[in-house]
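A structural walkthrough
If you want the building blocks of each chain, they are given just below.
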Amino acid sequence: MSNDRSPLLIEVLAALGDVRLSERYLIDEDNKKTHFLHGIQNGEEIVINEAVAIVPTLIHELIHFVRPQWSETIVRRFTTRLVRQLSHSEVKAIYDQYRERKVDNSDKN
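A brief look at the structure comes next. (Residues numbered from 1 in each chain as written. Predicted model: local features only at pLDDT ≥ 70, side-chain atom pairs only at ≥ 80, totals over all residues. Heavy atoms only, no water.)

**Points about the pairing of strand β2 (residues 39-42)**
In plain terms, the rule: The criterion for strand pairing is that DSSP finds at least two bridges linking the strands in question. Numbering of helices and strands starts at the N terminus; helices are DSSP runs of H or I of at least 4 residues and strands are runs of E of at least 2.
Relative to strand β3 (residues 45-48), β2 runs antiparallel, the two sharing four bridges. Paired with Asn 42 across the strands is Glu 45, a residue of β3. Between β2 and β3, which pair antiparallel one after the other, the connecting turn spans two residues, and Gly 43 there sits at a positive phi close to 65°.

**Details of the nonpolar core**
Defined as follows: Definition of nonpolar core: a set of buried residues of the types Ala, Val, Leu, Ile, Met, Phe, Trp, Tyr and Cys, connected through side-chain atoms within 4.5 Å. Type-normalised accessible area, obtained with a 1.4 Å probe on protein chains alone, sets the label of each residue: buried when under 20%, exposed when over 50%, and partly exposed for intermediate values. Should any heavy atoms of two residues lie within 4.5 Å, those residues are counted as being in contact.
Core analysis: the biggest nonpolar cluster contains 10 residues, these being Tyr 25, Ala 51, Val 55, Ile 59, Ile 63, Val 75, Val 83, Leu 86, Val 91 and Tyr 95. Those elements that provide at least two residues to this core are α2 (51-66), α3 (72-84) and α4 (88-101). When residues in this core are grouped by element, the largest group, four residues, is from α2. Not counting the four nearest positions on each side in its chain, Leu 86 is found in contact with Phe 36, Val 55, Val 91 and Ile 94.

**Considering the side chain of Asp 28**
Let me state the cut-off plainly: A 3.5 Å cut-off defines polar contacts: any pair of N or O atoms within that distance qualifies, except that in protein one atom must be a possible hydrogen donor and the other a possible acceptor, and neighbouring residues in sequence count only when both atoms are side-chain atoms.
Secondary-structure assignment places Asp 28 in the loop between β1 (20-23) and β2. Within polar-contact distance, the side chain of Asp 28 engages the backbone nitrogen of Asp 30 at 3.0 Å. What Asp 28 contacts, discounting residues up to four positions off in sequence, is His 35 and Leu 37.

**Comments concerning the sheet that holds β1**
Basically, it comes down to this: Under this scheme, a helix contributes an axis fitted over its contacting stretch, all axes are lines through C-alpha atoms, and angles between N-to-C directions fall in the 0 to 180 degree range.
Read across the open sheet, the three strands follow the order β1-β3-β2; overall the sheet is mixed. Only two strands of the sheet have a single neighbouring strand rather than two, namely β1 and β2. Neighbouring strand axes in the sheet, compared pairwise and without regard to direction, differ in orientation by 20° on average.

In structure tokens, the structure reads:
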């Protein structure tokens, strides 16, 4: 891996201080059933749909929990398969459960 940093990376990271960040569940109106919308940029606001990152990771780790003998490759395959079966309302419900039940570990570093 090269140690050269793209000037674009520096510019993008510097812009982090110039935008408002928020989170909410987003639905891609053009592809409601087949795509999860990860985020949008509108003017100086960036909205991140945290659920579409959290829920697949949660499903992945829960598969490890219920099938500890499975390899990482099999878990990844089933994660994709299971996540594709979820509706928007199911993803939102799982994400809500996650938010209610997660423990804040920020003080443990």
